[in-house]
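Structural features, examined
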Amino acid sequence: MTYFPDEVVEHIFDFLSSHRDRNNVSTVCKAWYLVEQLSRLRVFVGNCYAVRPERVMARFPGMKCLTVKGKPHFADFNLVPHDWGGDALPWIETAARCCPGLEELRLKRMVVSDESLELLARAFPNFKSLVLISCEGFSTDGLAEIATHCRGLRELDLQENEVEDHGRQWLSCFPDSCTSLVSLNFACLKGEVNTSALERLVARCQNLRCLKLNRAISIESLIKILARAPNLVELGTGSFTADHRTEAYQNLLNAFYKCNSIRNLSGFWDAAPRYLQAIYSICSSLTVLNLSYAPAIQVNDLIKMIRHCFKLQKLWVLDSIGDKGLAAVACACKELQELRVFPSDVYGTGIAAVTEEGLVAISSGCPKLNSLLYFCHQMTNAALITVAKNCPHFTRFRLCILDPVKPDPISNEPLDEGFGAIVKSCKDLKRLSLSGLLTDKVFLYIGMYASRLEMLSIAFAGESDKGMVYVLNGCKNLKKLEIRDSPFGDAALLENVGKYETMRSLWMSSCDVTQGGCKALAAKMPRLNVEVINEREESDEMVENPSDMHRVEKMYVYRTLTGPRDDAPDFVWTF
Amino acid sequence: MEDDHESLGDACPQLLNLIQNEKVGKKRIGGLDASEEKKLELTLGLPGGVGEEENPSVLSSCIFSKVSKTSSGRGVLGSEQLEAGLFQLQSKGGYGTEWPHKTTWNREKFDEQQSLEKAHGGTENEAGSNTSFQTGVSAGAPVVGWPPIRAFRKNLANSSVKQSVDLHNGNIDEKVKVASCKKGLLIKINMDGIPIGRKVDLNACGSYKKLSVAVESLFLDLLEAQKETSTNDLRMDEEAKQAFKSLLDGSGEYTLVYEDNEGDRMLVGDVPWDMFVSSVKRLRVLKSSDLSSLHDWEARKEQQLSVEYGDEGQAN
C-alpha cells in the first residue's frame, strides 16, 4: 500500500465512511495520516471539551461537515446545571476562520446563542445543513438569521431544542429566492409561525421531502401545506386537531390520498380519533411512525391504525398502548426494528400501562427487533430471558422500570438473570440501560458477556464497588459509562484508572465517590479532566471548603487533550 | 461457546481477582485452571442449579452480601469491603436495599409520597426488610431526573399545561418538589358571545362549585362589557350575575361544557372532580339554548364522518 501514490490511497480511503475506520487508518503510518487528514470531509467530535476547535480544523482543513456533542447525556434529565458549558460559539468562530467551506453543522446538547447562529449564517457561503439536537440558548431571532442569510440552505432540522419564542416572523425571512429546502423540522418550537409564509415556502421548494410542523399548526394549515407538497416523504403533522368544526376531516382525507410518498409520520399532538382515520390510506407504506406526543389517542384507535402498518420499521408510542396494543403491533408489524414506549402518566397513579407481557409479545412477533426503549411498571426475569431468546439481534436495549428498585414481582428476585440473558444472547449489544432491583451479579454478567458494549447507563443498582469494577475490567469497548444513585465509591473509581483513557466519559452522581477519590484520580491521570459539580444547597454550609471525605454529588470524567477547560463556571471544579 | 470460554479466560483473571481479594488494587494472580473456569461458568437459572460452594440462597434470600465462591475459598463480601476505607458500604439487609442517608433519594421521601398517592394496590413483594417504596413509587417519584425522560414528555399527558420545567432557571428548578406535580393546571375557557378567552386554574378550584365561581369571576366583566348599554349599573350587574347561576345543572342561561381527551364535548359535572381534571382539555360556557341545536349538529357530524357510509356530499 505504501507504494501507491497519494491519490490512490486517498481514493481508497473514500470508501471508508465510518469515523472509526478513518481514525484507524490514520494511525498506520505517517504517510497515511497525512493523506487521511487532508481528505477527511466529515469530522465527528464526541466531546467538545476533548479537543480544541483549532486543533481539529488545523488537522482537517478540508472539513465540510462537523458534528460536535456537548453536555453529558444525563443533562437531558436535568442532572446537569444549566450553565455548565458546552458553548458552540468557539467552534463556529474557529470554523469561520479556518474552514469557511463548511457545509454542514450538527450539534447535540450544546448551548447555541443567537449570536452563534448569526455568525454561522454569515460566515459560510456554501452552508447547506444545520441540525440542532437537544440544544438551547437560542431564539427565533437566531433562526431568522439563518433563514435570511443562508443561501442555498437545504436542511434546517431542530430536534427537541429549547427555543425561545420571539415571534413568528422568522419563517418569513426565507427569501423568495429560496427554493432549495429539502428538509425543514421546527416541531420543537412552541410559538406560532406565519402560516401563509410557510405555505408559500413549501410551494416554491419543490425538493422538499421532510417537513415537520410544530404544534401550533392546525389541520386547516396542514391541508393547505400537503396540497402544495404532495411529494413529502417525512411529515410531522402539527396538532392534528381543527380549530373549528369545519370540513376538515374530508379535506384531510383527500390531502392524504394524494401523498403517496409519505413513509415517516410524527406529530399528532392533539389528535382526535376521527382525524386519525384520515391517514389509514398511507399507513400501509409507513416505515416510521411516532405517536409519542399524542396522549389523546386511545388504544383501540391505535390498534385499528396499526393493523394497516405492516411495513413499519420504527414505532414510538406512549405506554397507554398497553400490552393489548403491543400484542396488536406484534401481529401486524413483522418488519419492526425499533420500538420506543414512553410513559404517559408520569405523575398519575394510573393502572400499569405496559408490563413484561407486552414486551414478550413484541419479541416473539417481531424477530427483527434490534433497538428498544421501554418504560414499564414491572418486568420479570422470565420475560427478559424469553426476549433474549427471541431477539438476539439487539444493538440497543434500554429498559426503564418506573419504580427504581423493583424486583421481579413474581419471583421477588432481582433482575440480574434477566439482564444477564440479554447480554449473553445479544452479542452485538452496543447500548444498555438497566433498571429494577439489581445486585453486583448483573455487572459480572455484563463484564463477561457484553464485549461490544459501548454505552452503559446505571441507576439505583448494584451493592458494592465490585459491580462497577466488573464493568470497567470486562467491557473492552466501553466508551460511555453513566451511573447515578449506586453504591460505587472511590475503590471502584480508582481500580482501573487506565480504562478511562479508552473511554469518552464517565458520569457518576449520587454515588459514594469522595472528593479525595476524585483528587486521586486526577493526580494519577493527567490526561483526564475530573470535574466535580458542586451545586450549592440552601442548607449546606460545608460546601465552601469541603474536606476530602466529603462525598461528591456529581462527577464527570473525560479524556482530553486540552487540559482543564477555561470556560468552567464557578460551581465546576476540575481537579 | 468457545468464544465465551475465551472471553472468560481473558476477563476472568481480573474478575476472579475481585472475587478472590477483598483488598483493592492487588495484581492478577495468573490464569485459571479448568475447574475454576467451570465454576465461573454462568448459567441462567436460579443459583441453586450451579451447585458449587456458592451459597444457594444468594438470590432467593434476603442477604446479598455473599457472592459465588471459587475453589480458593474466598471470604464473604460485605463488611470486608469496609477495608477499602474510602467509603462505607451500607449493609444490604434485603430487597429493600437500605440506601444510606447520603443518597439524595431516600426512603423518607418515598414514604411521604406514598401517603400522598392513591392506593396503587401495593405489591406483595414483602421480603426481608422490604420497604414501602416499591409500591406505586412510579407515580410522582420525588427523585430528580427520574424517570429518565425529557422534560417536555413529562407534561404531555396534560396538554394544556405549559412546560413546567424551565431549564433556564438553574439549580432551583432541578430540585423536584415533593408536592403533587399537577400544580397550576391552566385550562382554556371560552364563552359564547365573548371573543376573548380566559384560562382557569383547575387545581386552585378543587371542586365543581368553586369552578363555577371562578368562571363567573373570569367572565363577569367581559359579559357586562358585551351587553347592550344600560344606564343602570346595578341592574347590569344583576343581569350579568344571573347569567352565571346554575352553570352546572343546565337550568340557567348558560351551561358549562368541556372537551375531553378524546375530543368529545361533555357536560361538566357528571364524573368525580379528579376524573374530570385528568381528562379535561378545554372548557366552554355555552348558551343553554344552543345545547339542543348543538346536539343536532353533532349528529350530522357523526354521520358525515362515518366511513361506512362513505359520505362525500353531506353538507354541514
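Calculation criteria
- Residues numbered from 1 in each chain as written.
- Chains lettered and ligands numbered in written order.
- Predicted model: local features only at pLDDT ≥ 70, side-chain atom pairs only at ≥ 80, totals over all residues.
- Heavy atoms only, no water.
- Helix = DSSP H or I, 4+ residues; strand = E, 2+ residues; numbered from the N terminus.
- Buried < 20%, exposed > 50% of the residue type's maximum accessible area, 1.4 Å probe, protein only.
- Contact = heavy atoms within 4.5 Å.
- Areas by Shrake-Rupley, 256 points an atom, 1.4 Å probe, with all protein chains shown as cover.
- Disulfide = S-S within 2.5 Å.
- Axes fitted to C-alpha atoms, helices over the stretch in contact; angles between N-to-C directions.
- Parallel < 35°, antiparallel > 145°, perpendicular 65-115°, else oblique.
- Nonpolar A, V, L, I, M, F, W, Y, C, P; charged D, E, K, R; others polar.
- Pairing = 2+ DSSP bridges.
- Core = buried A, V, L, I, M, F, W, Y, C linked by side-chain atoms within 4.5 Å.
- Patch = residues over 30% accessible without salt bridge, like charges linked within 9 Å, V, L, I, M, F, W, Y side chains within 5 Å.
- Salt bridge = Lys/Arg side-chain N within 4 Å of Asp/Glu carboxyl O.
- Lys, Arg positive; Asp, Glu negative; His and termini not counted.
- Charge placed at Lys NZ, Arg CZ, Asp CG, Glu CD.
- Phe/Tyr/Trp six-rings, centres within 6.5 Å; stacked < 30°, edge-to-face > 60°.
- Left-handed = near helix turned anticlockwise from the far one by under 90°.

**Topic: the overall build of chain B**
Helix and strand counts for chain B stand at ten helices and five strands. Taken over 316 residues, chain B has a buried fraction of 40%. For chain B, contacts bridging at least 24 residues in sequence account for 53% of all contacts bridging at least 6. Accessible surface, chain B as shown: approximately 16,800 Å² in total, 51% of it carbon and sulfur.

**Considering the state of the cysteines**
All names here are of chain A. Taken as a whole and assessed by the stated rule, the structure comprises zero disulfides over all chains. Here Cys-99 stays free of any disulfide, with the sulfur of Cys-98 as its closest cysteine sulfur at 6.0 Å. For Cys-99, a relative accessible area of 1% corresponds to the buried category. As a non-bridged cysteine, Cys-309 has Cys-283 as the owner of its nearest cysteine sulfur, 3.8 Å distant. Classification of Cys-309 by relative accessible area gives buried; the value is 0%.

**Considerations on the packing of helix α6 (residues 114-123) of chain A against helix α7 (residues 140-149) of chain A**
Residue and element names in this part refer to chain A. Their axes nearest at 8 Å, the elements α6 and α7 cross at an angle of 5 degrees. Classed by the angle they form, the pair α6 and α7 counts as roughly parallel. Residues Asp-114, Leu-117, Glu-118, Leu-120, Ala-121 and Arg-122 of α6 form the contact with α7, whose participating residues are Asp-141, Gly-142, Leu-143, Glu-145, Ile-146 and His-149. Across the contact of α6 with α7, the residue classes break down as five nonpolar, two polar and five charged.

**Points about the sheet that holds strand β2 (residues 194-201) of chain B**
Residue and element names in this part refer to chain B. A sheet is described by the order of its strands in space; here five strands give the open sequence β2-β1-β5-β3-β4, paired in mixed fashion. Sheet topology places β2 and β4 (265-267) at the edges, where each strand pairs with a single neighbour. Sheet twist, expressed as the average angle between the axes of neighbouring strands with direction ignored, equals 30 degrees. Two strands pair when backbone bridges link them, and strand β3 (residues 254-260) and β4 are joined in this way by three bridges, in the antiparallel orientation. Within β4, the position partnered with Val-257 by the bridge is Leu-267.

**Focus on the environment of Gly474(A)**
As for its placement among the helices and strands, Gly474(A) is situated in helix α19 (residues 465-474). In this structure the C-alpha to C-alpha distance between Gly474(A) and Gly447(A), which are 27 residues apart in sequence, comes to 3.9 Å.

**Observations regarding the nonpolar core**
Of all hydrophobic cores here, the largest spans 190 residues; its most connected members are Phe240(A), Leu289(A), Phe397(A), Ile446(A) and Leu506(A). With seven residues, helix α18 (residues 440-449) of chain A is the largest single contributor of residues to this core. Leaving out residues up to four positions away in the same chain, Ile446(A) has contacts with Val423(A), Leu432(A), Leu434(A), Leu453(A), Leu456(A), Val471(A) and Cys475(A). Formed by 29 residues, the second largest nonpolar core is a distinct cluster that contains Ile187(B), Leu202(B), Tyr258(B) and Leu283(B).

**Regarding a positive patch on the surface**
Residue and element names in this part refer to chain B. Together, Lys-188, Lys-199, Arg-265 and Arg-282 give the surface a local cluster of positive charge. Following the sequence through the fold, Lys-199 ends up in strand β2. Looking at Lys-199, the relative accessible area reads 39%, which means it is partly exposed.

**Describing a nonpolar patch on the surface**
All names here are of chain A. A contiguous nonpolar patch, built from Phe-4, Val-8 and Ile-12 and spanning about 220 Å² of accessible area, is present on the exposed surface. Residue position: Ile-12 is located in helix α1 (residues 6-13). Ile-12 sits in the partly exposed class, given a relative accessible area of 32%.

**Side note on the side chain of Glu454(A)**
In this fold, Glu454(A) is placed in the loop between α18 and β18 (455-459). Beyond its immediate stretch of four places on either side in the chain, Glu454(A) contacts Arg20(A), Lys430(A), Asn477(A), Leu478(A), Lys479(A) and Lys480(A).

**Considerations on the packing of aromatic side chains**
Overall, the coordinates contain 24 aromatic pairs over all chains when judged by the stated rule. Measuring from ring centre to ring centre gives 6.4 Å for Phe397(A) and Phe419(A), while their planes differ by 85 degrees; the resulting arrangement is edge-to-face. Of this pair, Phe397(A) sits in strand β16 (residues 396-401) while Phe419(A) sits in helix α17 (residues 416-425), and the two are 22 residues apart along the sequence. In this pair, the class of Phe397(A) matches that of Phe419(A), namely buried. Geometrically, the ring pair formed by Tyr258(B) and Phe276(B) is edge-to-face, given 4.8 Å between the ring centres and 90 degrees between the ring planes. You can see Tyr258(B) sitting in strand β3 and its partner Phe276(B) sitting in helix α9 (residues 273-279), a full 18 residues away along the chain. The same class applies to Tyr258(B) as to Phe276(B), namely buried.

**A short note on helix α13 (residues 299-306) of chain A**
Inspection of α13(A) places Asp301(A), Leu302(A), Ile303(A), Met305(A) and Ile306(A) among the buried residues, and these make up the whole buried set. Elements in contact with the buried residues of α13(A): α11 (273-276), α12 (280-283), β12 (288-290), β13 (314-318) and α14 (322-332) of chain A.

**Thoughts on the pairing of strand β19 (residues 480-484) of chain A**
Residues and elements named next belong to chain A. β19 sits mainly inside the fold: five of its five residues count as buried. Taking every second residue as pointing to the same face, both faces of β19 are buried, with Lys-480, Glu-482 and Arg-484 on one and Leu-481 and Ile-483 on the other. One ladder, built from five bridges, connects β18 with β19; its direction is parallel. Within the sheet, the bridge partner assigned to Met-455 lies in β19 and is Lys-480.

**So, the pairing of strand β1 (residues 186-191) of chain B**
All names here are of chain B. Here β1 pairs with β2 via five bridges, running antiparallel. Following the sheet pairing, Lys-188 is matched in β2 by Lys-199. In this antiparallel pair of consecutive strands, β1 and β2, the connection spans two residues, and Gly-193 shows a positive phi of 85 degrees. In the sheet, β1 pairs with strand β5 (residues 280-287) via four bridges, with the strands oriented parallel. In the strand pairing of β5, Asn-190 is matched with Arg-284.

**Re the pattern of salt bridges**
Residue and element names in this part refer to chain A. For the structure shown, the criterion picks out 29 salt bridges over all chains. Between Glu-36 and Arg-40 there is a salt bridge; the shortest N-O distance is 2.8 Å. Judged by its relative accessible area of 0%, Glu-36 falls in the buried class. Assessed through its relative accessible area of 4%, Arg-40 is described here as buried. Note that Arg-484 is salt-bridged to Asp-485, the shortest N-O span being 2.8 Å. By relative accessible area, Arg-484 is classed as buried at 4%. With a relative accessible area of 2%, Asp-485 lands in the buried category. Each of Arg-22, Glu-36, Arg-40 and Arg-59 takes part in one network of salt bridges that share partners.

**Description of unusual backbone geometry**
Following Trp146(B), the chain continues into Pro147(B) via a peptide bond in cis, with omega recorded as -5 degrees. Inspection of the secondary structure assignment puts Pro147(B) in the loop between α3 (107-116) and α4 (151-154). One non-glycine residue with positive phi stands out, namely Phe460(A), at about 55 degrees. With respect to the element layout, Phe460(A) can be found in the loop between β18 and α19. Look at Ser510(A): it is not a glycine, yet its phi comes out positive at around 50 degrees. Among the secondary structure elements, Ser510(A) is positioned in the loop between β20 (505-509) and α21 (515-524).

**Observations regarding the packing of helix α9 (residues 219-228) of chain A against helix α10 (residues 248-258) of chain A**
All names here are of chain A. Between α9 and α10, whose axes approach to 9 Å, the crossing angle comes to 30 degrees. Of the possible angle classes, the one that applies to α9 and α10 is roughly parallel. For the pair α9 and α10, the sense of crossing is left-handed. In contact with Ile-219, Leu-222, Ile-223 and Leu-226 of α9, α10 contributes Ala-248, Asn-251, Leu-252, Ala-255 and Phe-256. Looking at the contact of α9 with α10 residue by residue, the classes come out as eight nonpolar, one polar and no charged.

Keep in mind these values describe shape, not function.
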